[in-house]
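Observations on the three-dimensional arrangement
For reference, the chains in residue letters:
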Amino acid sequence: MLEVALDTSPLALTRAGTARYLRGLLGALERDSTVDVRQYAFASRSRLAVPARDVGWYLGVLPLRARGANVLHCPTFRAPVRSGVPLVVTFHDLAVLRHPEAFNAWTRSYSRALLPHVARAAARLIAVSEFTAQELVDVLGVPEQKIRVIPNAVGEPFTAEGEAADGEYVLAVGTLEPRKNLPALVEGFRRAGLNGCELRIVGAQGWGNVVPVAANGVRWLGEVSDDDLARLYRGARCAAYISLYEGFGLPVLEAMACGTAVVSSDLPPVREFADGVVTVDPRDPDSIASGLTQALAHREELGRDGHRAAAAFDWPRVARETVAVYREVAA
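These remarks concern the structure in this document. Because the structure is a prediction, the values reported are computed rather than measured.

Let us now look at the overall build of the protein. Per the secondary structure count, the protein includes 12 helices and 12 strands. The C-alpha atoms of the protein give a radius of gyration of 20 Å, which matches the 20 Å a tight globule of 331 residues would have. By its C-alpha atoms, the protein is 60 × 40 × 35 Å across when sized along the principal axes. For the protein, restricting intrachain contacts to residue pairs at least 6 apart in sequence, the fraction spanning at least 24 positions comes to 68%. Of the side chains in the protein, 36 bear a positive and 38 a negative charge, and the two mean positions are spaced by 6 Å.

The following block contains the structure:
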């Protein structure tokens, strides 16, 4: 039996991409009888306790708690810089180093100081895309032989079957932060002139002083449950994801799995999986407007192509490939 210590602290602070990854991986690992997963998490859910978590938990307590396990897996770049057991760290992106202006002062300073040490301490780094793997090489100087690429996945409730939300709307999903590029999307939506169609934005208030958009035809729904989000995907005329930088782009895959046509920024990681997606220049509102118009004109065809492509990305595959990494470092 392979004993794995898994840090589940991200579940306390977010429901966005990293938490989706962790929940999906955990669910699949629980069905693997060859692996015993021990979950460890920092106790406080308060954002005021983040410095204590980042320093006290990851640099001190977690490595001690993991003693006796065969592997310690941290599902984000917050991880120990020394570990008594082989360390595996998942990197979703390097946005904090590529676009530090979009993060608060603590996160910028912490990441700049510790990420190189985390990358060196890890026996293996899991990247969620080939793009993120190359970022690890280019930005942190990680040797390619230490990196394993395991793309994200999608599962229940994000399926094409099920209830759909009512109304005529374009759906945008993502935490409200600068790199999600909401002002350009709102302007592109306005220029598209979609009469009778609403832009619905789903996502938590994030950082960078991005405020919920208040304009005619634009509505911010805040955070919603996964079941409600799946209904919104299914009911949307199309989904729009106009981020400036991503390591993967999970909302694109979720929309595809729900059979929804998608307009996305033309980003390298999205190109790796997004068959049947209309790609646009995220800095050009006219390009966004054109993409929305094109997606609506071909929504059924795009939805079918996307749904078919998304079927290849499932959590059991992620778990199998992740366990293979565990066994590799534990050998």
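Here we come to the pattern of salt bridges. Under the criterion given, the structure shown has 23 salt bridges. Between Asp226 and Arg20 there is a salt bridge, with the nearest N and O atoms lying 3.0 Å from each other. Here Asp226 is found in helix α7 (residues 226–235), whereas its partner Arg20 is found in helix α1 (residues 17–29), with 206 residues between them in sequence. Residue Arg20 is classed as buried on the basis of its relative accessible area, which comes to 14%. Linking Glu254 and Arg20 is a salt bridge whose minimum nitrogen-to-oxygen distance equals 2.4 Å.

What follows covers the sheet that holds strand β11 (residues 262–265). An order of β9-β8-β7-β10-β11-β12 is seen for the six strands of this open sheet, with the pairing classed as parallel. With one partner strand each, in any of the chains shown, β9 (218–222) and β12 (278–280) form the two edges of the open sheet. Along the sheet, successive strands turn relative to each other by an average axial angle of 25°, direction set aside. Bridging between strand β10 (residues 238–241) and β11 involves three bridges; their strand directions are parallel. Note on β11: the bridge partner recorded for Ala239 is Val262. Relative to the sheet, α7 contacts β7 (169–173), β8 (198–202) and β9, its axis offset from that of β7 by approximately 135°. Against the sheet, helix α10 (residues 285–297) contacts β7, β10, β11 and β12, and its axis sits at roughly 175° relative to β12.

With that settled, the discussion passes to the packing of helix α6 (residues 182–192) against α10. Packing of α6 against α10 leaves a shortest axis separation of 7 Å and a crossing angle of 60°. Taken together, α6 and α10 sit at an angle that is classed as oblique. Handedness of the crossing formed by α6 with α10: right-handed. On α10, the residues that touch Ala184, Leu185, Glu187, Gly188, Phe189, Arg191 and Ala192 of α6 are Pro285, Asp286, Ile288, Ala289, Leu292 and Thr293.

Mapped onto the elements of the fold, Gln294 is located in helix α10. With a relative accessible area of 43%, Gln294 lands in the partly exposed category. The spacing of Gln294 and Gly56 is 238 residues in sequence and 51 Å in space, taken between C-alpha atoms.

Let us look at the pairing of strand β5 (residues 124–127). By the alternation rule, side chains of β5 split into Arg124 and Ile126 and Leu125 and Ala127, which are all buried. Relative to β5, strand β4 (residues 87–91) is paired through four bridges, and the arrangement is parallel. Looking across to β5, one finds that Val89 is bridged to Leu125. In this sheet, strand β6 (residues 147–149) lies alongside β5 in parallel orientation, the contact comprising three bridges. Note that in β6 the partner of Ile126 across the bridge is Arg148. This β-α-β element, β5 to helix α5 (residues 130–140) to β6, shows right-handed connectivity.

This paragraph deals with the environment of Tyr110. Turning to its location among the elements, Tyr110 is positioned in helix α4 (residues 105–121). For the pair Tyr110 and Asp54, spaced 56 residues apart in the sequence, the C-alpha separation amounts to 8.0 Å. If sequence neighbours within four positions are ignored, Tyr110 has contacts with Asp54, Tyr58, Arg78, Ala79 and Leu115.

Before going further, it helps to spend a moment on the packing of aromatic side chains. Summed over all chains, the structure comprises eight aromatic pairs. Measuring from centroid to centroid gives 6.3 Å for Tyr21 and Trp315, while their planes differ by 65°, and the two rings are edge-to-face. Taken as a pair, Tyr21 in helix α1 and Trp315 in helix α12 (residues 315–330) lie far apart in primary sequence, 294 residues in all. Trp315 shares its class with Tyr21; the two are buried.

This next bit is on unusual backbone geometry. It is generally the case that most residues other than glycine have a negative phi and that most peptide bonds are trans. Glu156 connects to Pro157 through a cis peptide bond whose omega is 0°. Its place among the elements puts Pro157 in the loop between β6 and β7. A positive phi angle, near 65°, is found at Asn181, a position not held by glycine. Summarising the element assignment, Asn181 is placed in the loop between β7 and α6.

As a further point, take the sheet that holds β4. Ordered by their spatial adjacency, six strands build an open sheet running β2-β1-β3-β4-β5-β6, and the pairing between neighbours is parallel. Each of the sheet's edge strands pairs with one partner strand only, and the pair in question is β2 (35–40) and β6. Neighbour-to-neighbour, the strand axes of this sheet turn through a mean angle of 25°, independent of strand direction. Bridging between strand β3 (residues 71–74) and β4 involves three bridges; their strand directions are parallel. Looking at β4, one finds that Leu72 is bridged to Leu87. α12 contacts β1 (2–7), β2, β3, β4, β5 and β6 of the sheet and is inclined by roughly 135° relative to β3.

The rules behind these values
Residues numbered from 1 in each chain as written. Predicted model: local features only at pLDDT ≥ 70, side-chain atom pairs only at ≥ 80, totals over all residues. Heavy atoms only, no water. Helix = DSSP H or I, 4+ residues; strand = E, 2+ residues; numbered from the N terminus. Rg over C-alpha atoms; globule rule 2.2 N^0.38 Å. Contact = heavy atoms within 4.5 Å. Lys, Arg positive; Asp, Glu negative; His and termini not counted. Charge placed at Lys NZ, Arg CZ, Asp CG, Glu CD. Salt bridge = Lys/Arg side-chain N within 4 Å of Asp/Glu carboxyl O. Buried < 20%, exposed > 50% of the residue type's maximum accessible area, 1.4 Å probe, protein only. Pairing = 2+ DSSP bridges. Axes fitted to C-alpha atoms, helices over the stretch in contact; angles between N-to-C directions. Parallel < 35°, antiparallel > 145°, perpendicular 65-115°, else oblique. Left-handed = near helix turned anticlockwise from the far one by under 90°. Right-handed = clockwise from strand over helix to strand, strands pointing away. Phe/Tyr/Trp six-rings, centres within 6.5 Å; stacked < 30°, edge-to-face > 60°.

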